[in-house]
Amino acid sequence: METIIKEKGPKPRNPTVIEGLPGLGSIGGLAVSFLIDELKARKIAELYSPYFPYQAIVDSRGIARLPRGEFYCSTKDGKDLVMLSGDCQPQTNYGQYEVATKIVQYAAKCSASQIISIGGFVSPQKEKDLVVGVATRHDLVPKLTSAGACVEKAGIPIVGIAGLLVALARLMGLDAICLLGQTTGLGPDPAAAQRVLRVLANALNLKLNFSNLNRQVARMRRIEAKVGEIEKKLTSTFKKDHTIYIG
């Protein structure tokens, strides 16, 4: 088996391709899942690769399938948006390159106007809630900054599909940008996904209703608050009892 894309619907025309496979903070996955639901997108293709985890995914009906990526399409203001979500990323370096190459080739086949990848990054900087933008050309950078992203002056490596897509798109002559939300990396971060989505909406002139995502963010913050309370109680307990168990 090789990495393949099985097309299931009409081919989009000159679309913007937005990638959000699982990654740091689940930022790309959360953002693109929200877009698919919000824009009522239809599935147009599936991506399969032997470099995805060697397992079958079983649904609630007991039906098994391979891990996959899914392309969805929605037409907004006369323009096609193609969104890529999925179960996972490739598990090897070679697999990362092969899958990223297939995605860029598919975008080129559809005469995509640009590719946008979404991911996360952990930064020791004091600033919080950053969205960092990266582009394939200098003249695309002002568009990112005017939309609310910042440019990391020192330069940062972007590990995984999100970074490879931009670099490979440049190699193949396609415009591409990457939006990275700052996160702790400790778990799913819907607040960071929301910040990236707001920058994306500004860049593409999209009007999005964030009410559902706002509720998810509020729920995550309540959970974080409860975890913080538990950690304080545990810290207090350890200070009183110096016995420590390591297992």
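Further up the page is the structure itself.
Rules used in this analysis
Residues numbered from 1 in each chain as written. Predicted model: local features only at pLDDT ≥ 70, side-chain atom pairs only at ≥ 80, totals over all residues. Heavy atoms only, no water. Helix = DSSP H or I, 4+ residues; strand = E, 2+ residues; numbered from the N terminus. Expected span 1.5 Å × (residues − 1). Salt bridge = Lys/Arg side-chain N within 4 Å of Asp/Glu carboxyl O. Patch = residues over 30% accessible without salt bridge, like charges linked within 9 Å, V, L, I, M, F, W, Y side chains within 5 Å. Areas by Shrake-Rupley, 256 points an atom, 1.4 Å probe, with all protein chains shown as cover. Buried < 20%, exposed > 50% of the residue type's maximum accessible area, 1.4 Å probe, protein only. Core = buried A, V, L, I, M, F, W, Y, C linked by side-chain atoms within 4.5 Å. Contact = heavy atoms within 4.5 Å. Pairing = 2+ DSSP bridges. Axes fitted to C-alpha atoms, helices over the stretch in contact; angles between N-to-C directions. Phe/Tyr/Trp six-rings, centres within 6.5 Å; stacked < 30°, edge-to-face > 60°. Lys NZ or Arg CZ within 6 Å of the ring centre and 35° of its normal.

K.L.:
Is there a simple way to explain helix H2 (residues 93-109) in this structure?
P.N.:
An α-helical segment advances 3.6 residues per turn. Residues three or four places apart therefore align on the same side. Here H2 spans 24 Å end to end across 17 residues, near enough to the 24 Å set by a 1.5 Å rise per residue. Of the residues one or two after H2, Ser111 is the one with positive phi, at around 55°.

K.L.:
When you look at the pattern of salt bridges in this model, what are you seeing that I'm missing?
P.N.:
Using the criterion set out here, one finds eleven salt bridges in the structure. Between Asp87 and Arg65 there is a salt bridge; the shortest N-O distance is 2.8 Å. Highlighted residues: Asp87 in the loop between strand S7 (79-86) and H2 and Arg65 in strand S5 (residues 64-65), separated in sequence by 22 residues. Each member of the salt-bridge network shares a partner with another, and the members are Lys8, Lys43, Glu46, Arg68 and Glu70.

K.L.:
Mind showing me how you'd approach a nonpolar patch on the surface here?
P.N.:
Taken together, the side chains of Met1, Ile4 and Leu66 make up a nonpolar region of the molecular surface, amounting to roughly 290 Å² of accessible area. With respect to the helices and strands, Leu66 occurs in the loop between S5 and strand S6 (69-76). On the basis of relative accessibility, which here comes to 45%, the residue Leu66 falls in the partly exposed class.

K.L.:
Any chance you could explain the nonpolar core here in plain terms?
P.N.:
If you look at soluble globular proteins, the nonpolar side chains tend to sit buried side by side. Ranked by size, the top nonpolar core spans 35 residues in total, and within it Ile18, Met83, Leu179 and Leu200 carry the most contacts. Elements with a minimum of two residues in this core: helix H1 (27-38), S7, strand S8 (114-121), helix H3 (141-147), strand S10 (176-182) and helix H5 (190-204). Filtering out sequence-adjacent residues up to four positions away, Met83 remains in contact with Ile18, Val32, Leu35, Ile36, Leu39, Ala41, Glu70, Phe71, Tyr72, Cys73 and Ser74. Grouped together as the second largest cluster of nonpolar side chains are 34 residues, Val17, Leu84, Cys110 and Leu174 included.

K.L.:
Looking at this model, I keep getting lost on the pairing of S6. Mind explaining?
P.N.:
Within a regular strand, the side chains alternate between the two sheet faces. Burial runs high along S6: six of the eight residues are buried. Of the strand pairs in this sheet, strand S3 (residues 42-48) and S6 are connected by five bridges, and their pairing is antiparallel. In the sheet register, Ala45 faces S6, and the bridge partner there is Phe71. For S6 and S7, the ladder comprises eight bridges, and the chain directions are antiparallel.

K.L.:
Would you mind going over the sheet that holds S10 with me for this structure?
P.N.:
Backbone hydrogen bonds hold the strands of a sheet together, and the pairing may be parallel or antiparallel. Spatial strand order, S1-S3-S6-S7-S2-S8-S10-S9: eight strands in an open sheet with mixed pairing. Only two strands of the sheet have a single neighbouring strand rather than two, namely strand S1 (4-7) and strand S9 (131-135). Sheet twist, expressed as the average angle between the axes of neighbouring strands with direction ignored, equals 20°. Bridge count for S1 against S3 is four bridges, and the pairing is antiparallel. Bridge pairing in S3 places Ile4 opposite Tyr48. On the sheet, H5 packs against strand S2 (16-19), S7, S8, S9 and S10 and is oriented at approximately 150° with respect to S10.

K.L.:
I would appreciate a short explanation of the packing of aromatic side chains in the present structure.
P.N.:
Ring pairs (aromatic) are described by centroid distance and by the angle formed between their planes. A full pass over the atoms with the stated rule returns three aromatic pairs. Ring centres of Phe34 and Phe210 lie 5.6 Å apart, and the angle between their planes is 5°; on these two criteria the pair is classed as stacked. One end of the pair, Phe34, is in helix H1; the other, Phe210, is in the loop between H5 and helix H6 (211-240), with 176 residues separating them in the sequence. Per residue, the accessibility class of Phe34 equals that of Phe210, and both read buried. Look at Tyr51 and Tyr94: their rings are 5.5 Å apart centre to centre, the planes differ by 50°, and that puts the pair in the tilted class. Of the two residues, Tyr51 is situated in the loop between S3 and strand S4 (57-58) and Tyr94 in helix H2; the sequence distance between them amounts to 43 residues. On the accessibility criterion, Tyr51 (24% relative accessible area) is partly exposed. You can call Tyr94 exposed: its relative accessible area is 53%. If you follow Arg198 out to its NZ or CZ, it ends over the ring of Phe210, 4.3 Å from the centre.

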